[in-house]
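The chain contents come next:
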Amino acid sequence: DSDDVGSISDGTDVPDTDWESGDEPLELYFYVYDETGKWGMDDFDVGATVSVEPEEFATGDIVTVRGRGFPEDTTIPEGSVTLERGDDCWEMEFKSGDDEETNDNGEFRFNVIVPETGKEKDDFYVLVDFGGVDAESGDVEVTDLAKITVEPDYGSQGRTVTLTGENFADVRDYTYEIWY
């Protein structure tokens, strides 16, 4: 029964479906009808979803990963977030340097570092896989790779040169090597 202003509140269980972890989320629609023919509808996603912001980035950039539909109050261990393309897979490190966690609704939001992929393309995706649940983002694009320049790029032995780099993560130390 509705209250004197027409509001209702009732509980029901989400029905069992053939959805399995790794499948695209399944959208269910809940409808409520009253005896006068009035009705309301809302949707509900079964399964986990992941989004990445921004969707275009260079290696070394920090991006935000959001997810929902994962186990509640659960640690997300390092190594659970990867950037993938075909059979290639690169681990994305948490910017915090620590494991992350889901909240009591199974949602999370954290920053990761885009790894060096050696490839620029628009057919990458981010995979989050932990606690028996996995989900992929939509397509994301690696727009630029890490690179360095040496100035000047010629000279005699003992000359001082300057190394300049771009698209390296701003949270890590660096080393350089000279090969010949």
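Refer to the structure printed above.
Residues numbered from 1 in each chain as written. Predicted model: local features only at pLDDT ≥ 70, side-chain atom pairs only at ≥ 80, totals over all residues. Heavy atoms only, no water.

Peer 1: Outline the environment of Glu53, supporting the account with residue identities and numerical values.
Peer 2: Looking at the element boundaries, Glu53 is found in strand S3 (residues 49–53). Sequence separation of Glu53 and Thr75 is 22 residues, and the distance between their C-alpha atoms is 22 Å. With sequence-adjacent residues up to four places away left out, Glu53 is seen in contact with Val63, Thr64 and Arg66. A polar side-chain atom of Glu53 sits 3.1 Å from a polar atom in the side chain of Arg66. (Helix = DSSP H or I, 4+ residues; strand = E, 2+ residues; numbered from the N terminus. Contact = heavy atoms within 4.5 Å. Polar contact = N/O pair within 3.5 Å; in protein donor to acceptor, adjacent residues only side chain to side chain.)

Peer 1: Mind laying out the sheet that holds strand S9 (residues 93–94), listing which residues take part and the relevant values?
Peer 2: Strand order in the open sheet formed by four strands is S3-S5-S11-S9, with antiparallel pairing between adjacent strands. Taken across any chain shown, the strands that pair with only one partner, and hence form the sheet edges, are S3 and S9. Both S3 and strand S5 (residues 62–68) contribute to a ladder of five bridges, which runs antiparallel. In the strand pairing of S5, Thr49 is matched with Arg68. (Pairing = 2+ DSSP bridges.)

Peer 1: Residue-level account of the environment of Gly11, with values.
Peer 2: Summarising the element assignment, Gly11 is placed in the segment before strand S1 (26–33). In this structure Gly11 comes out as exposed when scored by relative accessible area, which is 62%. When the C-alpha positions of Gly11 and Tyr154 are compared, they lie 74 Å apart, and in sequence the two are 143 residues distant. (Buried < 20%, exposed > 50% of the residue type's maximum accessible area, 1.4 Å probe, protein only.)

Peer 1: Give a description of unusual backbone geometry that names residues and reports values.
Peer 2: Following Glu53, the chain continues to Pro54 via a peptide bond in cis, the omega torsion being -5 degrees. Turning to its location among the elements, Pro54 is positioned in the loop between S3 and strand S4 (56–58). A cis amide bond links Glu151 to the next residue, Pro152, at an omega of -15 degrees. In this structure, Asp73 takes a positive phi of about 45 degrees despite not being glycine. With respect to the helices and strands, the residue Asp73 is situated in the loop between S5 and strand S6 (75–76). The phi dihedral of Asn167 is positive, around 70 degrees, even though this residue is not glycine. As for its placement among the helices and strands, Asn167 is situated in the segment after strand S16 (162–166).

Peer 1: Tell me about the pattern of salt bridges, residues and numbers included.
Peer 2: Applying the stated rule across the entire model yields four salt bridges. Glu53 serves as the salt-bridge partner of Arg66, at 3.1 Å between the closest nitrogen and oxygen. Taken together, the residues Arg66 in strand S5 and Glu53 in strand S3 connect sequence positions 13 residues apart. What makes Arg66 partly exposed here is its relative accessible area of 29%. With a relative accessible area of 44%, Glu53 lands in the partly exposed category. The partner of Asp123 in a salt bridge is Arg85, and the shortest N-O contact between them spans 2.7 Å. Of this pair, Asp123 sits in strand S12 (residues 121–130) while Arg85 sits in strand S7 (residues 81–85); the two residues are 38 residues apart in sequence, bridging distant segments of the chain. Judged by its relative accessible area of 38%, Asp123 is partly exposed. (Salt bridge = Lys/Arg side-chain N within 4 Å of Asp/Glu carboxyl O.)

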